[in-house]
Amino acid sequence: MMFSTEPRRAKAVFNVLRGRRTVSTLFAGLTYDCLSALDSWHGVPMEKFLASLQELLTAGDLATPMEGYVQLTTAGAAHKEQLQATLYQPVAFRAFQTIDVRRFTAISALALQVASQAVHHQNRYYPLTTDPGIQAIVKQWFRRQTVAHLGEQLHTELTTFLQSLPAPLPTVFVASISGFENPGQTDQQLATQLDKTPLEILVMRKDLACRWCLWLETQPQSCLATLLQPLVKSNPVTPSAWQTYQTVQQGLTVEQVAIQRRLKLSTVREHLLEVAILVPTFPYTQVLTPARVQTLTEIFADQPVVANWRFEQVQTVAPEMDFFWFRLFQIMRCQTNAA
Amino acid sequence: MQREQIYQLLKQKYGFDEFRPGQYEVISQLLAGQDVLAVLPTGTGKSLIYQLVGTIMPGLVVVVSPLISLMQDQVARLNYQGEKQVAALTSQLSFGTRQQVLRHLNAYKFLFVSPEMLKQPEVLAAVQATPIALFVVDEAHCISTWGPDFRPDYLALGQLREQLQPQRTLMLTATATTQVRQDILAQLRLPAAQQVVYSANRPNIYLGVAAVANEDEKRQMLQQLVVTVKGPTIVYFSSKRQTDLIAEWLQSTTGLRVAGYHAGLSGEDRFKIQQQFMAGQLDVICATSAFGMGIDKADIRLVIHYHLPTSLADYVQEIGRAGRDGGQSLAVLLYAPGDEQLVRNLNDLTSASANEITQAFQLYQQNITPHDDLGQVLQFYWEHDYTVEQVTKIFEKRQRGKNDELRQLLAYVQAEGCRRAVLLAHFDEPAPTHTNECCQLKGDSLPVAALNLQAPLRAQTPPNPAWESILDQLFLQNS
């Protein structure tokens, strides 16, 4: 699903999936149009990724046009299209960029278990997780709830959320909950029940977790809102890059920002590239300056495929121009093309 | 503390009137100031011993445990019993949580930790700064069986224990030969510790061995057993892959509710499968041998070994999960000619020739960090100033030990006479009188009916309820 008939750098795709936030990974994600999958397979080991890649290569779905790059074959493209039509396609993975979905999933799973057991006045049960950090958060949360209403409130909220989802997502969501007299089902068991593969169930559950987080963000009155809130960032950018960006917005030049923030110029530039890739409202013209925009526009006037641009082309025309300006301009074009 | 007070505490805290065999003896010796090595069969309630002593004595109870999954199960069980001040310090905790636990060790009563984690300077310093009531080495046989060539940090426990200066030390295991017991005491530097040793014999578990000609026949035999013998059932495998494959095959061919259970599962899946099994929602669990140590289910009727275990001690421990309620149960070991090769292959994984050991030492001298498992195991020895000759001897001794264990296991499988006698002889116990309820003699069929272990007619599994009604059951009180 992550490849196309154009060559893509396999390692960059892997780094997008596991959420490595270097500018080169983010830029690859932008040009490959797969930034929405950023961090969606956090922690997946390289060996597993390589093994899957090898399987696709052996099956003839992928080919390696040059070392380190892979692209879909005609058969692979047809196969992808067919799978896209038949397999569940995630729609909310963007939540991984601004919400710690994985931690919320772990915390909320315990919260739901604690609530369900409390509704049935059961205080002897095996907790879903023994992580002392998560237990402490849920304990604190639970103390602030009114147990008499908690069950009904959760029931109402979850029903509203689940009714907004297509089948079989509500079944997958509810069957995964562990609670009173209900240990919940594993992906394997749900796969058998719904005649799907465990991997497809896993994708559904990841997407459900994202959908639920995004839904809860719009429900500040929810009894689970306080558990989600500390895990939400206002933007997808790292805090330090965001601080740099805010300083730039005050009208300072890149050099001035470096001095004020006591950072290396290269770090400030990396920060700005990160923000440009992840924040669509980035003030390109202010940072790039109209003169540079004009020079670069002229250089690449007859090259519509942004990913194919080479910095050497800039160097021959404007040798004084830094790589940073070229990359920023490239990002700007990718964003406008996407828009 | 007086005997009556201890019994009162047992009643008040756990709701029991009586201790299980061995529990009181160990508790009273610990309270009298002794260090104790306790060999108590699976299902005796070994954790109750340190829980109760921990309640009585001020200070932290440090439990050294070999597996993350086992620690998590133990913490969950203590939580279940109402103990709140419990934590397992594992590599799965986030950095922040781990720091939090270490900074507030005084707030905990029970700390579960692996030998590798305990030796980390930061962890050791924090634990050292906390008064320790009891230092528990759970699954203490690991010192002898895993220490030399797999988890060498088990060999450093003696030194760590001395650094921690606990008031008492308790070494717990379900099975240990005389040799293993000696190893444990020597390694922990506690030659004067009291030994409380109970018989490895579990008379309510009938011992069977099904010799089959090949893999196909083995599968058929397995299928026949799980269908015709009363469950709940655990089937043990030595490979993760087989566990999943056969679980799926059994489920689709028998209509039984079957799940695979092994180290590859997520914590969440492990939790769900364990809880389903405990709640009677699964008929059969297909598990790898290292797992399932935490399964706390009293009415398991059938334990089948699809592959050979690595030793008779492991076998006794694994079949010991059957019949904890005292009811008649059955253990069947499936054996096809050549099965022992799989055990040999596993043993070879941790073996090392004199040449390999010498090479590893040379790399160490050149300050090259080893990346393979063997290199990392050997690193321990070099860091503790062992010579190549000493290490070679240790590895040779362990391999000889493993070969002996395999030979004794095969003697059990191929026994012409009473198998239980062979099994107990391994633990230096006298032969029991052989009866019809004891074990399957070569050539006999399994007396399933005579043992009253025929599978009852199974009701059809009801269809899965709609999500709305599951949600009702979860969160509405009178649904």
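Residues numbered from 1 in each chain as written. Chains lettered and ligands numbered in written order. Predicted model: local features only at pLDDT ≥ 70, side-chain atom pairs only at ≥ 80, totals over all residues. Heavy atoms only, no water.

Per an unreviewed UniProt entry, chain B goes by ATP-dependent DNA helicase RecQ and derives from Lactiplantibacillus fabifermentans DSM 21115.

(A) Empty space enclosed by the protein, seen in detail. Residue and element names in this part refer to chain B. Tallied over the entire structure, the rule returns two cavities of 30 Å³ or more. Space inside the largest cavity adds up to approximately 60 Å³. Looking at the lining of the largest cavity, the elements that each hand over two or more residues are strand E8 (205–211), helix H14 (312–319) and helix H19 (419–426). Its residues placed into classes, the lining of the largest cavity shows six nonpolar, one polar and two charged. (1 Å grid on protein atoms, 1.4 Å probe; cavity = no way out; pocket = protein on both sides within 12 Å on 5 of 7 lines; lining within 4 Å. Points joined across faces, edges and corners; volume = space filled by probe spheres on them. Helix = DSSP H or I, 4+ residues; strand = E, 2+ residues; numbered from the N terminus. Nonpolar A, V, L, I, M, F, W, Y, C, P; charged D, E, K, R; others polar.)

(B) Layout of the interface of chain B and chain A. At the interface, 37 residues of chain B touch 46 residues of chain A. Here chain B and chain A share an interface that buries about 3600 Å² over both sides, 60% of which is from carbon and sulfur atoms. Applying the counting criterion to the chain B and chain A interface returns one salt bridge. Note that Glu268(B) is salt-bridged to Arg205(A), the shortest N-O span being 2.6 Å. One can count 12 residue pairs in polar contact (both at pLDDT 80 or more) joining chain B with chain A. At the level of elements, helix H4 (68–80), helix H5 (95–103), helix H12 (240–254), helix H13 (267–278) and helix H20 (467–475) of chain B are the ones that each hand at least two residues to the side of chain B that touches chain A. Taken together, the residues of the side of chain B that touches chain A break down into 18 nonpolar, 11 polar and eight charged. (Contact = heavy atoms within 4.5 Å. Buried area = accessible area lost by both parts, 1.4 Å probe. Salt bridge = Lys/Arg side-chain N within 4 Å of Asp/Glu carboxyl O. Polar contact = N/O pair within 3.5 Å; in protein donor to acceptor, adjacent residues only side chain to side chain.)

(C) Broad picture of the sheet that holds strand E3 (residues 69–72) of chain A. Residues and elements named next belong to chain A. The three strands lie next to each other as E1-E3-E2, forming an open sheet whose pairing is antiparallel. At either margin of the open sheet sits one strand with a lone partner, and together these are strand E1 (8–9) and strand E2 (62–63). In terms of strand pairing, E2 meets E3 through two bridges, oriented antiparallel. Its bridge partner lying in E3, Ala63 is registered against Gln71. (Pairing = 2+ DSSP bridges.)

(D) Summary view of the domain arrangement of chain B. All names here are of chain B. Under the domain assignment, chain B is made up of domain 1 (3–197) and domain 2 (201–239 + 265–275 + 289–349 + 387–474). Here domain 1 and domain 2 have C-alpha centroids that lie 27 Å from each other. Approximately 1900 Å² of surface area, both sides summed, lies buried where domain 1 meets domain 2, with 53% of it carried by carbon and sulfur atoms. Contact with domain 2 buries surface across domain 1, with Thr42, Asp149 and Thr175 losing the most and accounting together for 28% of the total. In this assembly, domain 1 and domain 2 are joined by two salt bridges. Its salt-bridge partner being Lys402, residue Asp149 comes within 3.1 Å of it at the nearest N-O pair. Residue classes in the side of domain 1 that touches domain 2 are distributed as six nonpolar, 10 polar and four charged. (Domains from an automatic or database assignment.)

(E) The arrangement of the packing of helix H16 (residues 354–365) of chain B against helix H17 (residues 373–383) of chain B in detail. All names here are of chain B. In the contact formed by H16 and H17, the axes pass within 10 Å of each other and the chain directions differ by 70°. In this view, H16 runs roughly perpendicular relative to H17, as classed from their interaxial angle. For the pair H16 and H17, the crossing hand works out as right-handed. Of H17, the residues touching H16 (which contributes Glu356, Ile357, Ala360, Phe361 and Tyr364) are Leu374, Leu378, Gln379, Trp382 and Glu383. (Axes fitted to C-alpha atoms, helices over the stretch in contact; angles between N-to-C directions. Parallel < 35°, antiparallel > 145°, perpendicular 65-115°, else oblique. Left-handed = near helix turned anticlockwise from the far one by under 90°.)

(F) Examining the pattern of salt bridges more closely. Throughout the structure, instances matching the rule amount to 22 salt bridges over all chains. One salt bridge connects Asp283(B) with Arg257(B), and the closest N-O pair in it is separated by 2.9 Å. Placement of the pair is Asp283(B) in the loop between H13 and strand E11 (284–288) and Arg257(B) in the loop between H12 and strand E10 (258–261), with a sequence separation of 26 residues. Of the charged contacts, one joins Arg398(B) and Glu405(B) as a salt bridge, the two residues approaching to 3.6 Å between their closest N and O atoms. For the pair formed by Arg398(B) and Glu405(B), the shared burial category is buried. Linked by salt bridges that have partners in common, Asp187(A), Arg205(A), Glu268(B) and Lys272(B) make up one network. (Buried < 20%, exposed > 50% of the residue type's maximum accessible area, 1.4 Å probe, protein only.)

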